[in-house]
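Topology and contacts: notes
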Amino acid sequence: MRLRIRRVGAVLASLAVLGGCAASPAVPSATPTGTGPAAVSGEITVFAAASLKGAFSDISAEFVKKHPEAKVTFSFDGSNSLVDQLDGGARADVLATADQPNMDRAVAAELVGPPQPFATNVLTVVTPPDNPGRITGFDASLDGKRLVICAPAVPCGNATAKLAQASGLTLKPVSEESKVTDVLGKVTSGEADAGLVYTTDAAGAGAKVKAFPIANADVARNDYPIAVVTGAGNAAGGEAFSAYVRSADGRAVLATYGFGEP
Amino acid sequence: MIRPPLPRWVRAGALLAVIFLGVPIIGVLVRIPWAEVPRLLSAPASLDALGLSLATCLAATVASVLLGLPLALVLSRGTGRVTVALRTLTALPMVLPPVVAGLALLVTLGRRGVVGQHLSVLGIEIGFTTLAVVIAQTFVSMPYFVVSVEAALRGTDPGLERVASQLGAGPTTVLRRVTLPLLAPALIGGATMAFARALGEFGATLTFAGSLQGRTRTLPLEIYLLRESDTDAALALALVLIVVAATLMALTTWLTRTSAAARA
């Protein structure tokens, strides 16, 4: 009951602000970029792919600055797990996956509304900073080295296989991990000579890895879609957050983390 | 010795506990695509994972017995602070999160680890090998062997050993002819428990050994991977794991009871 009162209050407040803006255009708007409704409140629960952790944390910090009434909480996990959790009845307002197939699955199960693309990601080769395997890029220099990639069953592994085929390379990894972060971990710890991770993972690891961009990486591009969850407890908040992620401000943050334009 | 009956509410509580533990297992059994199980289990990746798991767990169990038996014998005789410290150390991997065990192995035996970097110079690299899997499994499963054997040792009557010794048998003979035969059921029980624990080992293996079909991807890792793409296949493999683990635990319980009966 109290929740509902609060929500009604939020709607009234947002109407008041909108009305105020319309009535006096001379007053500078509280949201300069004009993304979403002016007043968003309450807790917004965002289920986001693990690879979005850094970018979304920054985006939410800026989002909350613009909407002080709102609070954004995250659950970062593998896209597949997130969809499973939603399917199992987990409560969330926004879903952002690292690939289209998992979002398609959520749409098919009517767990989310229409998804929108907001970022892209491509693979890159990373090595430890001192490059002990003398890797020169996504080429024959990977042969016979301790190469770690994602297993074909997971999105990053699927992309890796696609890229290898397009490049005419036969990869002989020493390990096929179930998460791209596990691949990165094996490289940053120096266990592996090289690994294939997303450019965002490489950017996030900073000086702990040396990155070698792949020329035709676009053949295995990952599209990141975002959608508001069906029957979300805070649908208005979810809409606002989703819109903010797709706004110029959101994209600028995503770009600093190595994500490409959708 | 017959004890008076338990109050009814205790039985009700026990029933609740059984339901709590049993329902998820029944849930898995209901959800398993039984008609598909033979096909799913005969997939090369499944067979590789199963074979690798059995082989590595067997190796880990042998290592647990060879290393753990002397430790259990020493612990069972000790009383001082050193023994307490040793016993704490022994039991630690049982309560550590597996990923912590894996990290500990990685930063020690990994290529840049405290010990691993010296091995690396000698050309020995453990990471990403089947040996790494066995090491991870032994690390987490040996405590189960040591703890159960030590408990059995403390329960045995020292009289027989003393008599053998007084009759002129050397320490090794006493151990071989008296202690170990008395201990046989506990040894098998402990080894079975260690095997079962090794079979379920997941976090430490993933962290330390990686995951590659036929080399380091054990049954739990294969299930974890399949879960991402093919829930049915993951469930079919889960069934194998449940059946094997249940058989092993039943065996352990039976052996423990047999040994207790033999002592009584």
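Here the structure is a predicted model, which is why all the values come from computation and not from measurement.

Regarding the overall build of chain B
Along the backbone of chain B there are twelve helices and zero strands. Across its three principal directions, the C-alpha atoms of chain B cover 65 × 65 × 30 Å. Taking all 264 residues of chain B together, the buried fraction comes to 41%. Across chain B, contacts joining residues at least 24 apart in sequence account for 75% of those joining residues at least 6 apart. Split by element, the accessible area of chain B, about 14,400 Å² in all, is 73% carbon and sulfur.

Side note on the UniProt feature "domain: ABC transmembrane type-1" (unreviewed entry) in chain B
The residues that UniProt annotates with the feature "domain: ABC transmembrane type-1" (unreviewed entry) are residues 50-252 of chain B. Secondary structure over residues 50-252 of chain B splits into 82% helix and 0% strand, and the C-alpha atoms at its two ends are 22 Å apart.

Focus on the side chain of A:Ser242
Residue and element names in this part refer to chain A. Among the secondary structure elements, Ser242 is positioned in helix H8 (residues 235-246). When its relative accessible area of 3% is taken as the criterion, Ser242 is described as buried. Excluding its chain neighbours within four sequence positions, the residues that come into contact with Ser242 are Ile226 and Val228.

Things to note about unusual backbone geometry
For residues that are not glycine, phi is negative in most cases, and the peptide bond is trans in most cases. With a phi close to 45°, A:Asn131 is a non-glycine residue in the positive phi region. Mapped onto the elements of the fold, A:Asn131 is located in the loop between strand E5 (123-127) and strand E6 (147-150). A positive phi angle, close to 65°, is found at B:Phe128, a residue other than glycine. Relative accessible area serves as the criterion here: at 3%, B:Phe128 is assigned to the buried category.

Notes on the sheet that holds strand E3 (residues 94-96) of chain A
Residues and elements named next belong to chain A. Strand order in this open sheet of five strands is E2-E1-E3-E10-E4, and the pairing throughout is mixed. On the outer flanks of this sheet lie strand E2 (70-77) and strand E4 (116-121), each paired with one strand and no other. Neighbour-to-neighbour, the strand axes of this sheet turn through a mean angle of 20°, independent of strand direction. Against the sheet, helix H2 (residues 53-66) touches strand E1 (42-49), E2, E3, E4 and strand E10 (222-228), its axis set at about 175° to E2. Here helix H4 (residues 100-108) sits on the sheet and contacts E3 and E10; the angle it forms with E10, its principal contact strand, is near 25°.

Describing the environment of B:Leu237
Summarising the element assignment, B:Leu237 is placed in helix H12 (residues 231-263). Once you skip the residues sitting within four places of it in the chain, B:Leu237 turns out to touch B:Leu41, B:Ser46, B:Leu219, B:Glu222, B:Ile223 and B:Leu226.

A short note on the interface of chain A and chain B
Contacts between the two partners involve 25 residues from chain A and, on the opposite side, 20 residues from chain B. Inspection of the chain A/chain B interface yields five salt bridges. Measuring nitrogen to oxygen at the nearest pair gives 3.1 Å for the salt bridge that ties B:Arg217 to A:Glu176. Along the contact surface separating chain A from chain B lie 13 residue pairs in polar contact (both at pLDDT 80 or more).

So, the pairing of E5(A)
Residue and element names in this part refer to chain A. Across the five residues that make up E5, a large majority, five, are buried. Both faces of E5 are covered, namely the face carrying Leu123, Val125 and Thr127 and the face carrying Thr124 and Val126. Note that E5 and strand E8 (residues 194-198) share four bridges and pair antiparallel. In the strand pairing of E8, Val126 is matched with Gly195. Bridge count for E5 against strand E9 (residues 210-213) is four bridges, and the pairing is antiparallel. Note that in E9 the partner of Thr127 across the bridge is Lys210.

A closer look at the sheet that holds strand E7 (residues 175-177) of chain A
Residue and element names in this part refer to chain A. The sheet built from five strands is open, its strands ordered E7-E6-E8-E5-E9 with mixed pairing. Both edges of this open sheet fall to E7 and E9, since each of them pairs with a single strand only. The sheet shows a mean angle of 30° between the axes of neighbouring strands, direction not considered. Here helix H6 (residues 180-188) sits on the sheet in contact with E5, E6, E7 and E8, set at roughly 140° to E8.

What about the packing of aromatic side chains?
The final tally for this structure, using the stated rule, is ten aromatic pairs over all chains. Ring pairs connect the aromatic residues A:Phe56, A:Phe63, A:Phe74, A:Phe76, A:Phe118, A:Tyr224, A:Phe241, A:Tyr244 and A:Phe259, which therefore count as one cluster.

The rules behind each value
Residues numbered from 1 in each chain as written. Chains lettered and ligands numbered in written order. Predicted model: local features only at pLDDT ≥ 70, side-chain atom pairs only at ≥ 80, totals over all residues. Heavy atoms only, no water. Helix = DSSP H or I, 4+ residues; strand = E, 2+ residues; numbered from the N terminus. Buried < 20%, exposed > 50% of the residue type's maximum accessible area, 1.4 Å probe, protein only. Contact = heavy atoms within 4.5 Å. Areas by Shrake-Rupley, 256 points an atom, 1.4 Å probe, with all protein chains shown as cover. UniProt positions renumbered as here; feature names shortened; annotations may be inferred. Pairing = 2+ DSSP bridges. Axes fitted to C-alpha atoms, helices over the stretch in contact; angles between N-to-C directions. Salt bridge = Lys/Arg side-chain N within 4 Å of Asp/Glu carboxyl O. Polar contact = N/O pair within 3.5 Å; in protein donor to acceptor, adjacent residues only side chain to side chain. Phe/Tyr/Trp six-rings, centres within 6.5 Å; stacked < 30°, edge-to-face > 60°.

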